[in-house]
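# Architecture and fold: a report
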Protein chains: 2
Amino acid sequence: MLPSLYHPDRALTLGILGGGQLAKMTALAAYRMGLQVAIIEHAEQSPAGCMTKFDFNKGWNDVEELDRFVSACDVVTLENEFIDPTILERIEERRLVFPSSATVALVQDKYTQKQSMQKAGIAVADFVAAASVDELVAFGETKGWPIVIKTRKFGYDGYGNQTAYRISDCQSAWAKFRNTESPRDLMAEEFVRFTKELAVIVARNRRGEVVVYPCTQTIQQQHICVSVLAPAPIEETLQKKAQEVALACVEAINGVGVFGVEMFLTESDEILFNEIAPRPHNSGHYTIEACVASQFENCVRAVCNLPLGSSAMHQGGAAMINILGERNGSGIPDSVVDTLRHADASLHLYGKKDSRVGRKMGHVTALGPDLNQAFHKARAAVEALIW
Amino acid sequence: MLPSLYHPDRALTLGILGGGQLAKMTALAAYRMGLQVAIIEHAEQSPAGCMTKFDFNKGWNDVEELDRFVSACDVVTLENEFIDPTILERIEERRLVFPSSATVALVQDKYTQKQSMQKAGIAVADFVAAASVDELVAFGETKGWPIVIKTRKFGYDGYGNQTAYRISDCQSAWAKFRNTESPRDLMAEEFVRFTKELAVIVARNRRGEVVVYPCTQTIQQQHICVSVLAPAPIEETLQKKAQEVALACVEAINGVGVFGVEMFLTESDEILFNEIAPRPHNSGHYTIEACVASQFENCVRAVCNLPLGSSAMHQGGAAMINILGERNGSGIPDSVVDTLRHADASLHLYGKKDSRVGRKMGHVTALGPDLNQAFHKARAAVEALIW
């Protein structure tokens, strides 16, 4: 691969903040291309930390551990957008970091994130920063109920989101998010009556070269992504439109790396920006098998400023279904044998030590000449897993 | 994945004897499925050893190191058929090893290997064990010149092979292989006037379930594989015949794991067995991108006695071209940028510290609707690499 800038006899070492499944799959892509990998995480035996000797498991809040991690890396990326941008700034004093602290700071606050998109001319549902219950209520009264109340920072998989149908819901959300030891800044958004949720992965390197992946449909249950369909079963013009929106979003924040852009398709076939993740995204796991270059490979290429790989699909359809924990306890399933009997499906297990109900423990991807066949293969394989 | 048999809170650990590119690619497949990986190798910072903390770099001839390695593993496999079967037997006292010491012993000696195939009714070129120059000469005189003289053990990439066109060549081969500090047992084979060299990967698990991959054509230069075409550009009936032969070969030696079977296609469209490797094989690297389950994934599945994944190809054609070292020196190429500009090709670099002229340093795979397109993509990408 490229030589390390700091240890000329070594290959370039990619450092990843976080050691979960996104880091693991990025590391697998990096190894394939001949890079070395360093991981920093607040735990021992993280899924990605197991895969390297450069495993800094005291986490990035330990100044000395962070310093050791940084010394081991040539280029640093992240799998988790909740990291304090001041940590990224500290790393930037010594190393290249992508996405940059500026991009992460902007994205981390969903209010400034949405403002940036709106400024760039991207369609979004109306939104407002709310400094009081009255402002939440006023937004609901003006825009019409329900509204969606969100913490501006640190929300994921539905944590930090609440739909308010009436004034009393605003009061209870306020109490929940504000009257706590660490009160959260809030925002409110119009409730979007969407017909589908869409997501598009975009890779962008430091020279501004971009690769846009197919438009997917994501299916959530209780705010957690359960499956992804590629390409989304919608008209091609809408797929293209979603890809254009996603690309514009990444350019609006000068993003370098890989980004997952979530959008709503409305009843009137409008595409509204919802959220952007500055990292490989669950909606792009299908790309490992389905595309010439996966989102993880292109993450590595993008942050190392290498030319990007093709996002073309090998077959007509691909489906990814998450394996969600069905128990609290050991992270090792009781049996994967029946899943593996589905010889056409690809099983990914993240190697998390502990399972929790609803926790993302792995996923299955299947390809097919069309989406329908791919989905049925993947679903059958996931349903055969025994916890 | 499966739980470890010895550390119930851990996932199953696959141990690999050897830390080169085959171990590395097997490890990548194992990690994806949630296993842990242990490596034993006679060197620090081997391509696969870098990817795990269970990296036993004092090698298997160090009894204590071997013991520590074995203790860390649940199931053991190998990337190198030259390992002393007594080492495998020692491991077998404590752990499952696949392929077994019996299979490896049989395969390691090319004479007993060929005998086994002949006994199973598989067509081979005539061969003989030769205990003297006279026996080599007699074989040449009977069968017709030239003949191929081989060391029975430890030959690879043409090392240990010599074509003899006349009596004096037999004498010089004898001198080269026998009159040394460690004289090698020799055999002789009829020279096969082949039109193509074929190879088929076969995976077989402990229950005897098998998966056969497409028949490929391998192209060698100076006895080193330089490229692999899948499927081989030959008639479908011949492809099928080669697959049948390959399967019969693996069953003839009761092989468990993944095997690369090399065959000759003769001028009269006969398929003759040439050699079998009891491990993932260079001719199967294309399966990483081209097939639903790669040879490496099926190696993991087979030795863990799991159901096998499909060998179906995603597209009509695939081509793999090896990246061979062009210098003696650093293993890090001067530039991969121009190679990566070929966005349709997949680059694998093994992360070997040192390059030697002709050493396998990596490979490129490309897929296409047909073989021709795939090959041109892969070749353009490899030619753009700068050493």
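Here, the structure is the one placed above.
Residues numbered from 1 in each chain as written. Chains lettered and ligands numbered in written order. Predicted model: local features only at pLDDT ≥ 70, side-chain atom pairs only at ≥ 80, totals over all residues. Heavy atoms only, no water.

## Notes on empty space enclosed by the protein
Counted under the stated rule, the structure contains four cavities of 30 Å³ or more. Taken as a whole, the largest cavity holds about 620 Å³ of empty space. Around the largest cavity sit 30 residues that line it, and R32(A), I288(A), R32(B), I288(B) and E289(B) are the ones nearest its centre. Breaking the lining of the largest cavity down by element, the ones donating at least two residues are α1 (21-32), α9 (287-290), α10 (295-303) and β18 (345-349) of chain A together with α1 (21-32), α9 (287-290), α10 (295-303) and β18 (345-349) of chain B. Of the residues belonging to the lining of the largest cavity, the class tally is 15 nonpolar, nine polar and six charged. Considering only enclosed or pocket space, the second largest cavity measures out at about 80 Å³ in volume. Lining the second largest cavity, in full, are E81(B), F82(B), V107(B), Q108(B), K110(B), Q113(B), G155(B), E275(B) and I276(B). When contributions to the lining of the second largest cavity are tallied by element, the ones reaching two or more residues are α4 (101-108), α5 (110-119) and β15 (271-277) of chain B. A class-by-class count of the residues in the lining of the second largest cavity yields three nonpolar, three polar and three charged. (1 Å grid on protein atoms, 1.4 Å probe; cavity = no way out; pocket = protein on both sides within 12 Å on 5 of 7 lines; lining within 4 Å. Points joined across faces, edges and corners; volume = space filled by probe spheres on them. Helix = DSSP H or I, 4+ residues; strand = E, 2+ residues; numbered from the N terminus. Nonpolar A, V, L, I, M, F, W, Y, C, P; charged D, E, K, R; others polar.)

## Some thoughts on the environment of L272(A)
Residue and element names in this part refer to chain A. Residue placement: L272 occurs in strand β15 (residues 271-277). Overall, L272 belongs to the buried group, its relative accessible area being 8%. Separated by 49 residues in sequence, L272 and I321 have C-alpha atoms that sit 24 Å apart. (Buried < 20%, exposed > 50% of the residue type's maximum accessible area, 1.4 Å probe, protein only.)

## Quick notes on the sheet that holds strand β2 (residues 36-40) of chain A
Residues and elements named next belong to chain A. Ordered by their spatial adjacency, five strands build an open sheet running β3-β2-β1-β4-β5, and the pairing between neighbours is parallel. The sheet is open, and its two edges are formed by β3 (54-56) and β5 (96-97), each paired on a single side. Where β2 lies against β3, three bridges are found, and the strand directions are parallel. Within β3, the residue paired with I40 across the bridge is F56. (Pairing = 2+ DSSP bridges.)

## Observations regarding the relation of the copies chain A and chain B
Between chain A and chain B, which share one sequence, the superposing operator has a rotation angle of 180 degrees and an axial displacement of 0.0 Å; the RMSD is 0.0 Å. Such a turn and shift between the copies fits a two-fold axis. Both copies contact each other with a shared surface, as 100% of the interface residues of chain A are interface residues in chain B too. (Least-squares fit on C-alpha atoms with pLDDT ≥ 70 in both. Contact = heavy atoms within 4.5 Å.)

## A closer look at the packing of aromatic side chains
Scanning the model with the defined rule gives eight aromatic pairs over all chains in all. With a centroid separation of 5.0 Å and an interplanar angle of 15 degrees, the aromatic rings of F194(A) and F264(A) are classed as stacked. One end of the pair, F194(A), is in strand β10 (residues 194-204); the other, F264(A), is in strand β14 (residues 257-266), with 70 residues separating them in the sequence. Under the relative-accessibility criterion, F194(A) is labelled partly exposed at 36%. According to the relative accessible area criterion, F264(A) is buried, its value standing at 10%. Between the aromatic rings of F56(B) and F69(B), the centroid separation amounts to 5.9 Å while the plane-to-plane angle is 75 degrees, which identifies the pairing as edge-to-face. Here F56(B) is found in strand β3 (residues 55-56), whereas its partner F69(B) is found in helix α2 (residues 63-72), with 13 residues between them in sequence. Both residues of the pair, F56(B) and F69(B), count as buried. A cation over a ring is seen here: R95(A) above Y6(A), with NZ or CZ 3.5 Å from the ring centre. (Phe/Tyr/Trp six-rings, centres within 6.5 Å; stacked < 30°, edge-to-face > 60°. Lys NZ or Arg CZ within 6 Å of the ring centre and 35° of its normal.)

By themselves, these are just geometric observations and shouldn't be taken as functional.
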